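Topology and contacts: notes
What follows is each chain in one-letter form.
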Amino acid sequence: AQSVTQLDSQVPVFEEAPVELRCNYSSSVSVYLFWYVQYPNQGLQLLLKYLSGSTLVKGINGFEAEFNKSQTSFHLRKPSVHISDTAEYFCAVSSSNTGFQKLVFGTGTRLLVSP
Amino acid sequence: GAVVSQHPSWVICKSGTSVKIECRSLDFQATTMFWYRQFPKQSLMLMATSNEGSKATYEQGVEKDKFLINHASLTLSTLTVTSAHPEDSSFYICSANRDLNTGELFFGEGSRLTVL
């Protein structure tokens, strides 16, 4: 079964600094990869997704992620963060094992942006 | 874009009562919806998969008699927490699978349940 690892439970960063949130997955079959953001007391919102094609995926709010098949990673990046980016970020994967019907989530990374 | 609406956002109830949470897909039909539970500062735990017109599929360790799921139409799934106890207090989030080819989910706003 596939699993998703987000090594950093919390990432503190200053406003306007770059940030990278790490995500690794374990699967030997074809996968689709997603990043979601959750603001306090809200549901999850899709930031971006990788299905196929270019390994560099651009999403909303200036975020991007790069799919690296050899390293089984899908790290999320933003060149300059804002205070409003403070939230919980979840990496998720669906795989051909389940017919891409079920998403498996990582444990989440809390991004804390301070002035 | 697709919208999934969840109601109520907040609910407080007494121990022993039952609480129903609704999840609606507003602009698409969802044959499959998922119910998650999220504890403070933790990830989402999949509770069950709700299938329109058939019984829900529960994850291991989730009591089907305690968490009743009904998916009576293509736009509505409900989760009923029966005989709620304080340990059932949590944030419950529903999601709908719009794209059956990729597994991409659209999420409701979540419902925070507090059982006194």
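Just so we're clear, the structure is a prediction, and the values are computed from it rather than from any experiment.

Analysis parameters
- Residues numbered from 1 in each chain as written.
- Chains lettered and ligands numbered in written order.
- Predicted model: local features only at pLDDT ≥ 70, side-chain atom pairs only at ≥ 80, totals over all residues.
- Heavy atoms only, no water.
- Helix = DSSP H or I, 4+ residues; strand = E, 2+ residues; numbered from the N terminus.
- Buried < 20%, exposed > 50% of the residue type's maximum accessible area, 1.4 Å probe, protein only.
- Contact = heavy atoms within 4.5 Å.
- Buried area = accessible area lost by both parts, 1.4 Å probe.
- Salt bridge = Lys/Arg side-chain N within 4 Å of Asp/Glu carboxyl O.
- Phe/Tyr/Trp six-rings, centres within 6.5 Å; stacked < 30°, edge-to-face > 60°.

Observations concerning the environment of V93 of chain A
All names here are of chain A. Looking at where V93 falls in the secondary structure, it is placed in strand β10 (residues 87-95). Judged by relative accessible area, V93 falls into the buried class, the value being 1%. Along the chain, V93 and R110 lie 17 residues apart, while their C-alpha atoms are 19 Å from each other. Setting aside its immediate chain neighbours within four residues, V93 contacts Q2, V4, V31, Y32, L33, K102, L103 and V104.

Quick look at the side chain of T32 of chain B
Mapped onto the secondary structure, T32 of chain B falls in strand β4 (residues 32-38). Beyond its immediate stretch of four places on either side in the chain, T32 of chain B contacts T49, S50, N51, H71, S95, A96 and N97 of chain B.

Observations concerning the interface of chain A and chain B
The partner chain B presents 24 residues to the 22 residues of chain A that form the contact. Between chain A and chain B lies a buried interface of about 1,700 Å² when both sides are counted; carbon and sulfur atoms form 52% of it. Put simply, chain A and chain B have 1 salt bridge between them. The salt bridge involving E104 of chain B is made with K49 of chain A; its shortest N-O contact spans 2.5 Å.

Looking at the packing of aromatic side chains
A complete count under the given rule lists 12 aromatic pairs over all chains for this structure. Arranged with centres 4.4 Å apart and planes meeting at 25°, the rings of Y50 of chain A and F67 of chain A form a pair that is stacked. One end of the pair, Y50 of chain A, is in strand β6 (residues 44-50); the other, F67 of chain A, is in strand β8 (residues 64-68), and 17 residues separate them in sequence. With respect to class, Y50 of chain A is no different from F67 of chain A; both count as buried. Between F105 of chain A and F107 of chain B, the aromatic rings sit 5.9 Å apart at their centres with planes inclined by 70°, giving edge-to-face as the arrangement. Here F107 of chain B lies in strand β10 (residues 105-107) and F105 of chain A lies in strand β11 (residues 104-105), a pairing that spans two chains. The pair formed by F105 of chain A and F107 of chain B is uniform in burial state, with each residue classed as buried.

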